[in-house]
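Below, each chain spelled out in residue letters.
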Amino acid sequence: MSDRRRINGPSGGTSAPIYSKYLAKDAKKSPERPTRTREPNVLRKMFLKTGVTPSASGSAYLELEASKNPNSTAPGLASLSTSGLKLTCTVHGPRPLPKSAPFSPHIILTTHVKYAPFATRKRRGYLRDSTERDLGVHLETALRGVIIGDRWPKSGVEVIITILEGEEDQWWGDDIGGAVTSAAEWGMMSVLSGCITVASAAIADAGIDCVDVVAGGVAAAVKGTGTGGDTSAPMVVLDPVPSEHKDIIAACIVGYLPGRDEITDLWVKGEIGKDNLTRNSVPGSSYEELADNAVQAALGAHRVLIAALKETTEVKMGRL
Amino acid sequence: MSRHKIVKNLDLDDELDDFDGGEDYGYDEEEGEEKMRQGTIKVREALPPTAAHVTDKQVQEALWHYYYDVEKSVKYLVAASVPTTPKVLKKGAAGKKPEGGFISFGVCWSFGQSACNKASTLAGALYPDTCLKPFSFAEFFKDTPWLQVPTDRQTVFIDPIYPRLGLLGGSSDGVPKMSKLQALAAARKKKAQEQRANSNPTGEMSRAGLDKIDHSDLGDAGVGGMAPSGSALLQKPSARGFPLRKRKGLDEHESLPKAPVAIDDAGLNPPASPEDIPSAGQAEPSDFANTMFGSHSQTPRQSPDNLFTMPFAADIASIAANPFAGPSPDDIVIAAQSKAGKGGKGAPKSNGEKKAAQIAAGVEAMRIDDTPRAKSKHLDVLAEFGKAEAKNAANFVVIGHVDAGKSTLMGRLLYDLNVVDKRTIDRYRKEAEKMGKSSFALAWVLDQGSEERARGVTIDIATNTFETDKTSFTILDAPGHRDFIPNMIAGASQADFAVLVIDANTGSFESGLKGQTKEHALLVRSMGVQRIIIVVNKLDTVGWAEDRFTEISTQVSAFLIAAGFLSKNITFIPCSGLHGDNITRRSTEPAASWYQGPTLVEELDNSEPAGRALSKPLRLTIGDIFRGGVQNPLSISSRIESGSLQVGDALLVQPSSQKCFVKALEIDNEPVDWAVAGQNVTLHLSGIEEQYLKIGDVLCTPSNPIQNVKQFTAKVLAFEFLTPSQIDIHRGRLHTPGRIVEIVAVLDKHTGAVVGKKKPRVVKPGLIARIVVELEAPVPLEAPGRVVLRGNGETVAAGLLE
């Protein structure tokens, strides 16, 4: 389906060009891939706040800081900066279903995930593409089990997430260099995990009854990164930033309910072969290890989520 | 068993047996004391030496318990005193029931007392001496900033004093008496607690224990500042954040390395209290987020010093103590207004009163119209009419070709008879000159409509009345233009005789004879008009030429006789409408001296009154419907065709078949009690709504109503070729579309016998035929009625109903 309503730019979209002299002239000055400065088990700091959109029943805003490269000497062009993650979520409902809709004994959850056209380096279209629809389905899966739907028969709730700034799938330098890398959309994983967390906050803000607040977490098996460790052996990192890793072997995202110790959504991408086992893993259990780590990441996100909701409650109670 | 049955079966005596309250102890005090003294002595004697240390009090107590049974008391005292004396003491103290009751009450009372004291001291501290003088809120809130009451001025809430839990008058040891169920529950709880306490050290799987571990683990991981490398984590394999998760290979996984979550820079912090943990992972909002959430939340509103105090609060002393004591400013204004405007008419009506008055007025206006059914005087109208000896009344219609000068002639007639005064004519003259039509001024007496005046032609029938010495006349000024023939028919149907106006101008006469002069003459003849006066008008323009007059007379009389008029009923008068010659006065023109006949008015007077169909049933075709004023919302005007009516009569309207009543009658704007055929009356009706009345409808007596017909047979004189086709049927004001369905036969003009073949296809002009006409809607028509058939804007036939 093509977008007939707008006059769109070229579908590929472009950033400002970077001329080769910048890249090639001085090896020192050539832009370098950002490196992961965090420990493998450390998450990025998260900013989460509810009540962004006053007109919605519930809303939340989530932000993951951009990874900085403190000792980079590369030219400070805006187009070279790496982005973090910025999501805003609005929840509309519970509200009555339209009259035309058939009877439903429980609430009908609709999720809608959309990248803003400017969210990623590669421009996105105005209509939802398959990636975005995929994210929507995953988000719905993650949330459906959390909401106590029986309390709202004949009603619907819409969760709408706009990705203002999305995680890159790979470092932009790889695009330029034409280096063949794994073309998988690794950025999606972080985005989905953020989506789950921010949707959870917005649903809580809307006052919809849930069994628990669900938090998203990502873990990835990456090959050889910077700090100290030997570069060959793959290792598991929490909350990976795809631009920081040259080679991501596999990634896993979970929607996790800490209170009930349940997973509502699990998605693994990539393949862990025999030779890609991490150092300290037991053969055959790598995927489980990945999932466990993702759960750990979700626990971290959960803590921030709880703190944000506490803050919301305090503000609300204070006002009342 | 239902509860009320339990209550029903309750044996009160049985229940009260258990009660060991005051009644049992109501013995005589003196008697008891005596008994006790004697009993004590007896016991002392009976006590063995081992129990000699027993006090009198103990003895008395024992006695009291055993109802002064000495033997039992001794036995008890011996048994009690031997092992441990204190036990006896204790038991004795506890056993004294009446005392216990008193004591417990005392406790209660003292608690209450102390509480009251406490309360009063509290109150005293809070309100040191405010109770002595009345509290002034104005003073209290003076210089308090708006919406920012400082904390020291906010009120202090004190918890109310509740009585202790439990029942009043409980047991002696101060603990409230528990019911059996309560006791049971408490016992279970205690038991459970004990059990838990015992099992705690060993029960590793219990939830509580694991929760603790969980928390400490999270705390360690998040804030502990341990260098979390993989190898280090290997040493604490049991550190799990999700204790309840069921997994298949528990043992295997326990050995897995854990990468517990740590949040970026939290690792550097020293261990903090658990409350700090959640905030560890939170980032500061980015610049972008700050634009969304703003910075106002970070800087709370503060510094009440900057806020304004209420301006009037500064001058608080000047404000009256009770601002609502006197009348409000509004009250003062209203009072003044009512005094000034209404002149002591009392207080102005409030909104509600006004509304009520309005509604009452509305209801009054709405009231069903019950008064107007005027009582009939049951007059014998015909006898009255005979007694009245009124002047003759005559209607005449003025017909002629367009621009023959009909209206001008009538205007001149009215002007000369002083029906219209000179001022009015002068005004018309001025206005007509303004429009460039000065010659039309006289015509405007009858042509009242603005369109009629602007176009210079008469459109609708205009009526006016004038009186001569003998007769009162009603002029029906018919339009001459061919487009308004239906209106002319309506006028002609009411006329007793006709005045045909002919333009003497060269050419005009000839065109008129071909045009409406001829058509009108035929029409009035077919409408039953017998007598006709021909006014040869505008003879001044041809210099009063006698030749011209004679020529016209010859031609017209020949035509009229052919049309069926008798020659004795035809009169010719040479006139000048514009100048007024030979209308009311003889012409002074020397050129006109050849004419010595009567003037127009004289000739009108000569006309015999037409016979009135007084004894026939009432028929009245509505000429106009209007609102005759506030009293008479529905009025009609028309000429009574036949019969008579009087006030109070019930009438039937056809074709709607609705009944109505004559509320009042007017003739020439004079209220009358009755009216007869031939008179132009105004009827004020009641008991009917306007929607049932239409111009052209017929009013008749309910006893002898006119029938609505859908089809009729008529004997008609054809003016044009007549074939079965669509036509309009005119009968006075009434006109309705219809169709000639059949031509039955052509008839002989004089004998009325059938001529030629039956059912001819066409009727030639000038022949008489019998035709069947079907109407689209039923209309009131009856036998001797005269109808005119028109098609395509021309009169095709006229005739009589059969």
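Residues numbered from 1 in each chain as written. Chains lettered and ligands numbered in written order. Predicted model: local features only at pLDDT ≥ 70, side-chain atom pairs only at ≥ 80, totals over all residues. Heavy atoms only, no water.

Some points on the overall build of chain A
Using the following cut-off: Put simply, DSSP marks the helices as runs of H or I at least four residues long and the strands as runs of E at least two long, and each gets a number from the N terminus on. The cut-offs for exposure are 20% and 50% of the maximum accessible area for each residue type, with area from a 1.4 Å probe on protein chains only; residues under the lower value are buried, those over the upper are exposed, and the others partly exposed. We call two residues in contact when some of their heavy atoms are within 4.5 Å. Residue-level accessible areas treat just the shown protein chains as cover; the underlying method is Shrake-Rupley with a 1.4 Å probe.
Looking only at helices and strands, chain A features 5 helices and 10 strands. Looking at chain A as a whole, 52% of its 320 residues qualify as buried. Restricting to contacts in chain A with at least 6 residues of sequence separation, those with at least 24 account for 74%. When the accessible area of chain A is evaluated, it comes to approximately 15,000 Å², of which 54% is carbon and sulfur surface.

A closer look at the sheet that holds strand 3 (residues 58-64) of chain A
Residue and element names in this part refer to chain A. The line we're drawing: Criterion used throughout: strands pair if DSSP finds at least two bridges between them. Between N-to-C directions, angles cover 0 to 180 degrees, with each direction set by a line fitted to C-alpha atoms, over the stretch in contact for helices.
Read from one edge of the open sheet, 5 strands run 2-3-4-6-5, paired in mixed fashion. With one partner strand each, in any of the chains shown, strand 2 (46-50) and strand 5 (108-115) form the two edges of the open sheet. Going from strand to strand, the sheet's axes swing by 15 degrees on average, the running direction of each strand aside. Its contacts with the sheet put helix 2 (residues 130-144) on strand 5 and strand 6 (155-165), and the angle it makes with strand 5 is roughly 140 degrees. Packing of helix 4 (residues 187-206) onto the sheet brings it into contact with strand 2, strand 3, strand 4 (85-96), strand 5 and strand 6, and relative to strand 4 it is tilted by some 40 degrees.

Digging into helix 4 of chain A
The condition that has to hold: Every helix has an expected span of 1.5 Å times one less than the residues it contains.
For helix 4 of chain A, with 20 residues, the first-to-last C-alpha span of 28 Å sits near the 28 Å given by 1.5 Å per residue. Buried residues dominate helix 4 of chain A, accounting for 19 of its 20 residues.

Section: a nonpolar patch on the surface
All names here are of chain A. The test is simple: Residues with no salt bridge and a relative accessible area higher than 30% make up the patches, which join like charges within 9 Å and nonpolar side chains (Val, Leu, Ile, Met, Phe, Trp, Tyr) within 5 Å. Salt bridges are counted wherever a side-chain nitrogen of Lys or Arg sits within 4 Å of a carboxyl oxygen of Asp or Glu.
Together, Ile263, Leu266, Val268 and Tyr287 make up an exposed nonpolar region whose accessible area comes to about 320 Å². When residues of the nonpolar patch are assigned to their parent elements, the largest contribution, 3 residues, is made by strand 10 (residues 262-270). In this fold, leucine 266 is placed in strand 10. Classification of leucine 266 as partly exposed rests on a relative accessible area of 46%.

Focus on the pairing of strand 10 of chain A
All names here are of chain A. Looking at chain direction, strand 9 (residues 247-257) and strand 10 are connected through 8 bridges and run antiparallel. Bridge pairing in strand 10 links tyrosine 256 to isoleucine 263. A loop of 4 residues connects strand 9 with strand 10, the two strands running antiparallel in sequence, and aspartate 261 in this loop sits at a positive phi of about 55 degrees.

A look at helix 5 (residues 70-81) of chain B
Residues and elements named next belong to chain B. To be explicit about the condition: Each C-beta atom gives one direction from the helix axis, and the arc is the one those directions make. For the purposes of these results, a polar contact is taken to be a pair of N or O atoms within 3.5 Å, where, inside protein, one atom must be able to donate a hydrogen and its partner to accept one; residues adjacent in sequence count only when each atom of the pair is a side-chain atom.
Its 12 residues give helix 5 an end-to-end C-alpha distance of 16 Å, which sits within 8% of 16 Å, the value for a rise of 1.5 Å per residue. Among the residues of helix 5, Val70, Ser73, Val74, Leu77, Ala80 and Ser81 are the ones counted as buried. Looking straight down helix 5, one finds that the buried residues subtend no more than 140 degrees of arc, so they occupy a single side. Opposite its buried face, helix 5 presents the exposed residues Glu71, Lys75 and Ala79, each directed more than 90 degrees away. The residue sitting at the N-terminus of helix 5 and contributing the capping side-chain oxygen is aspartate 69; that oxygen lies 3.3 Å from the backbone nitrogen of glutamate 71.

Observations regarding the confidence of the model for chain B
All names here are of chain B. Applied cut-off: On a scale of 0 to 100, pLDDT captures the predictor's confidence in every residue.
This prediction gives chain B a mean pLDDT of 71; 69% of its residues lie at or above 70. Overall, residues 262-279 carries pLDDT values under 50, and its contacts beyond four positions in sequence, including any with other chains, amount to 29 contacts. Low pLDDT, under 50, characterises residues 343-347; the stretch is placed with 4 contacts to residues that sit more than four places away or in other chains.

Let's talk about the nonpolar core
Where we set the bar: Only buried residues count toward a nonpolar core, which is a set of Ala, Val, Leu, Ile, Met, Phe, Trp, Tyr and Cys residues joined through side-chain atoms within 4.5 Å.
Within the largest apolar cluster, 57 residues are counted, with the highest numbers of intra-cluster contacts made by Val91, Leu139, Val159, Ile161 and Ile163 of chain A. With sequence-adjacent residues up to four places away left out, valine 159 of chain A is seen in contact with Cys89, Thr90, Val91, Leu109, Thr110, Thr111, His112, Leu139, Leu143, Ala199 and Ile203 of chain A. Ranked by size, the runner-up nonpolar core spans 40 residues in total, among them Ala504, Ile532, Val536 and Val556 of chain B.

So, the packing of aromatic side chains
Quick note on the threshold: Planes of paired rings set the category: under 30 degrees apart is stacked, over 60 is edge-to-face and the rest tilted, where pairs are Phe, Tyr or Trp rings (Trp by its six-membered ring) whose centres lie within 6.5 Å. Each ring is checked for a lysine NZ or an arginine CZ that lies within 6 Å of its centre and within 35 degrees of its normal; such an atom marks a charge sitting over the ring.
As enumerated under the stated definition, the model contains 11 aromatic pairs over all chains in all. Taken together, a centroid distance of 6.2 Å and an interplanar angle of 75 degrees make the contact between phenylalanine 396 of chain B and phenylalanine 466 of chain B edge-to-face. With a gap of 70 residues between them, phenylalanine 396 of chain B in strand 2 (residues 392-400) and phenylalanine 466 of chain B in strand 3 (residues 462-467) connect regions that are remote in the sequence. Classification of phenylalanine 396 of chain B by relative accessible area gives buried; the value is 0%. If you follow arginine 124 of chain A out to its NZ or CZ, it ends over the ring of tyrosine 115 of chain A, 3.8 Å from the centre. The ring of phenylalanine 497 of chain B carries arginine 531 of chain B above its face, with NZ or CZ at 5.8 Å from the centroid.

Here we look at the environment of lysine 75 of chain B
Residue and element names in this part refer to chain B. Turning to its location among the elements, lysine 75 is positioned in helix 5. A relative accessible area of 66% places lysine 75 in the exposed class. On a C-alpha basis, the gap between lysine 75 and valine 43 in space is 9.8 Å, while along the polypeptide they are 32 residues apart.

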